[in-house]
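# Overview (structure and organization)
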Amino acid sequence: MGSVSEHDTEVEQRSYWRFSKQDFLPEESFQSWGSYCYALSQTCSRFKDRLISRSDDAKEIGELRKQSEHDMKRCLTWWDLTWFGFGSVVGAGIFVLTGQEAHNHAGPAIVLSYVASGVSAMLSVFCYTEFAIEVPVAGGSFAYLRIELGDFVAFITAANILLESVVGSAAVARSWTSYFTTLLNRPSNSLRFHTNLSKGYNLLDPIAVAVLAISATIAMISTKKTSFFNWVATAVNTLVILFVIIAGFAHADTSNMTPFLPHGAKGIFQAAAIVYFAYGGFDNIATMAEETKNPAKDIPIGLLGSMSIITVIYCLMALALTMMQKYTDIDPNAAYSIAFQSVGMKWAKYLVALGALKGMTTVLLVGALGQARYTTHIARAHMIPPFFALVHPKTGTPINATILITIFSSVIAFFSGLDVLSSLLSVSTLFIFMMMAVALLVRRYYVREVTPKMNLLKLIIFLLIIIASSMATSAYWGLRPNGWLGYVITIPLWLSGTIGLSMTLPQQRMPKVWGVPLVPWLPSLSIAINIFLMGSLGSQAFIRFGICTVVMLLYYVFFGLHATYDMAHQQPNPEGMEANNDNVGGKTEA
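So, how was this worked out
- Residues numbered from 1 in each chain as written.
- Predicted model: local features only at pLDDT ≥ 70, side-chain atom pairs only at ≥ 80, totals over all residues.
- Heavy atoms only, no water.
- Phe/Tyr/Trp six-rings, centres within 6.5 Å; stacked < 30°, edge-to-face > 60°.
- Buried < 20%, exposed > 50% of the residue type's maximum accessible area, 1.4 Å probe, protein only.
- Helix = DSSP H or I, 4+ residues; strand = E, 2+ residues; numbered from the N terminus.
- Core = buried A, V, L, I, M, F, W, Y, C linked by side-chain atoms within 4.5 Å.
- Patch = residues over 30% accessible without salt bridge, like charges linked within 9 Å, V, L, I, M, F, W, Y side chains within 5 Å.
- Areas by Shrake-Rupley, 256 points an atom, 1.4 Å probe, with all protein chains shown as cover.
- Salt bridge = Lys/Arg side-chain N within 4 Å of Asp/Glu carboxyl O.
- Axes fitted to C-alpha atoms, helices over the stretch in contact; angles between N-to-C directions.
- Parallel < 35°, antiparallel > 145°, perpendicular 65-115°, else oblique.
- Left-handed = near helix turned anticlockwise from the far one by under 90°.
- Contact = heavy atoms within 4.5 Å.

Attention now goes to the packing of aromatic side chains. The full count for this structure, using the stated rule, is 33 aromatic pairs. Relative to Trp 79, the ring of Trp 78 has its centre 5.9 Å away and its plane inclined at 85°; by these criteria the two rings are edge-to-face. Assessed through its relative accessible area of 40%, Trp 79 is described here as partly exposed. Ring centres of Tyr 128 and Phe 433 lie 5.7 Å apart, and the angle between their planes is 90°; on these two criteria the pair is classed as edge-to-face. Of the two residues, Tyr 128 is situated in helix H8 (residues 110-134) and Phe 433 in helix H19 (residues 418-445); the sequence distance between them amounts to 305 residues. Exposure class is identical for Tyr 128 and Phe 433. Each is buried. Among the aromatic residues, ring-to-ring pairing joins Phe 30, Trp 33, Tyr 36, Phe 47, Phe 152, Phe 155, Tyr 555, Tyr 556 and Phe 559 into one connected group.

Counting 163 residues, the largest nonpolar core has Tyr 114, Tyr 128 and Tyr 314 as its most contacted members. For this core, the element with the most residues is helix H10 (residues 151-183), which contributes 17 residues.

Side chains of Trp 78, Trp 79, Phe 228, Trp 231, Val 232, Val 236 and Ile 301 sit close together on the surface and give an oily, nonpolar patch of about 630 Å² of accessible area. Secondary-structure elements contributing two or more residues to the nonpolar patch are helix H6 (78-89) and helix H12 (223-250). No other element matches the 4 residues that H12 contributes to the nonpolar patch. Counting through the fold element by element, Val 236 comes out in helix H12.

Our next topic: unusual backbone geometry. Cis geometry is adopted by the peptide bond preceding Pro 259, which originates at Thr 258 and carries an omega value of -5°. Mapped onto the elements, Pro 259 comes out in the loop between H12 and helix H13 (264-275). Look at the link from Val 519 to Pro 520: it is a cis peptide, with omega at 15°. Turning to its location among the elements, Pro 520 is positioned in the loop between helix H21 (485-504) and helix H22 (521-535). Of note, the phi angle at Glu 69 is positive, near 70°, even though the residue is not glycine. With respect to the element layout, Glu 69 can be found in the loop between helix H5 (57-63) and H6. One non-glycine residue, Glu 449, lies in positive phi territory at about 65°.

Attention now goes to the pattern of salt bridges. Within this structure, the stated rule accounts for 18 salt bridges. A salt bridge links Arg 65 to Glu 290, with the shortest nitrogen-to-oxygen separation between them at 3.5 Å. Placement of Arg 65 in the loop between H5 and H6 and of Glu 290 in the loop between helix H14 (283-286) and helix H15 (295-324) is noted, with a sequence separation of 225 residues between them. Residue Arg 65 shares its accessibility class with Glu 290, and that shared class is buried.

A few words on the environment of Phe 228. Positionally, Phe 228 belongs in helix H12. Counting along the chain gives 148 residues from Phe 228 to Asp 80, while the straight-line C-alpha distance between them is 8.0 Å.

Before going further, it helps to examine the packing of H21 against H22. Running from amino to carboxyl end, H21 crosses H22 at an angle of 150°, the nearest separation of the two axes being 10 Å. In terms of their interaxial angle, H21 and H22 are classed as roughly antiparallel. When the axes of H21 and H22 are compared, the crossing they make is right-handed. Contacts from Trp 494, Leu 495, Thr 498, Ile 499 and Ser 502 of H21 reach H22 at Trp 521, Ser 524, Leu 525 and Ala 528.

Nothing here speaks to function; it is geometry throughout.
Next up, the structure:
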């Protein structure tokens, strides 16, 4: 009877489509109202446990992956990752936000905004690359922060990742509809339903929902087939971008470049904080490490190679636009189309619209892949129900996680305009990338049970100095954009924190294959730039970010905290897990 029962259990585990309570709430705290009330009464002690707990590389790579029951297929090479890099980044941002920010904030200096955002993005790419090579799992930054900064910080990041994923996909889908109307030579909102709801939420967009659903369906079928589709679509989009750059410079008028700084340096950084959205998406590549054949070689080429080329392309496209047309005449809604029309190339607006559609389609496609893999690993840790961690045995893709993200993105895309979404997305993205740089410094300078307590204390102090001085610099910039006295204090403080790390603390861990150069300087600079760009955003963005954070914390207190606590302290381990734990040093969480 025992063997039959075990066989039945195996058959049940192989069944992907199941919806029992145990698939959504298997943890002990949710088995009855009594258990849940007891769990709530232990909230403080459990929070302390989760706050100081740490995962490790072996647990993220091995033990947690078993929660998915089936492995994702290792089918990607550096070629796939490079094109995924292009496909995930080059989309709505460059075609939509360039004109908007050149017209409203930066003028011709929008090219410098792209340089500033590109430098910040590249520093974050360095951090992601080192982690992705050493911890090749689908969780991306969630897994990395869970290892270095603990469970609670990982949750805050996970929640922002999901927010970024949902809002980002919704924003791109809305832009897809706008450019589709341009291709049909119709007014930009003609395919949306007008309602009496509040401004920013009153234009209902069913086409955006349909595009999201189609992209998600393709992503669920096969990762390798999605890669091929992305490669073809991105290649076409690249040809359109080359046309925009060449034709733009052919019709350039240098007089349009004056005044170069109509709104001063403040305008450059205000625009840089918004156009950072155009660089968003590269972190999706890190989530595909679990499906990469040779992560140590393929990820650095795919991530660093694609982002270097994309930064150059963005700067050239921004320069071409502002040389074709005076920044005051740029149309914020259809910048490139109207610019070509102004130089007598009316037909080119259709080509630009087609290129933008192709780019946004690949952004949605790669986004559907990356977002689902984030969600899968978050569910493996039981931050959200483990039902969403399951990988389909035939497709090798996380179908449940893909559907979850698509539903939320579709609801937001149906109601919300791009202007409402882009600033919120930038705050969330910059916060995540800042935390990644902090995590890299912790990884290099601290190893549990190895680093002396005095060195740990120094590390904490220096990190606080770096973060506090960066926040002070950003605040002073916002309050006194033309002042200089405050920087005499804040910048030396940042330098002292970074020098303190460099001169007084030995690195406890060196990367085995590839690592961020010039540590601690580049990660520290990444922290400073990301915080500075966050401070350049408007107050509305932070109000929305704050509201979302409060909702996240409520969810954590009433669900995520207790689910992850039970997951970390479950008794006993599944068959075969004990041996695995012995190999990695026994208990993996504090």
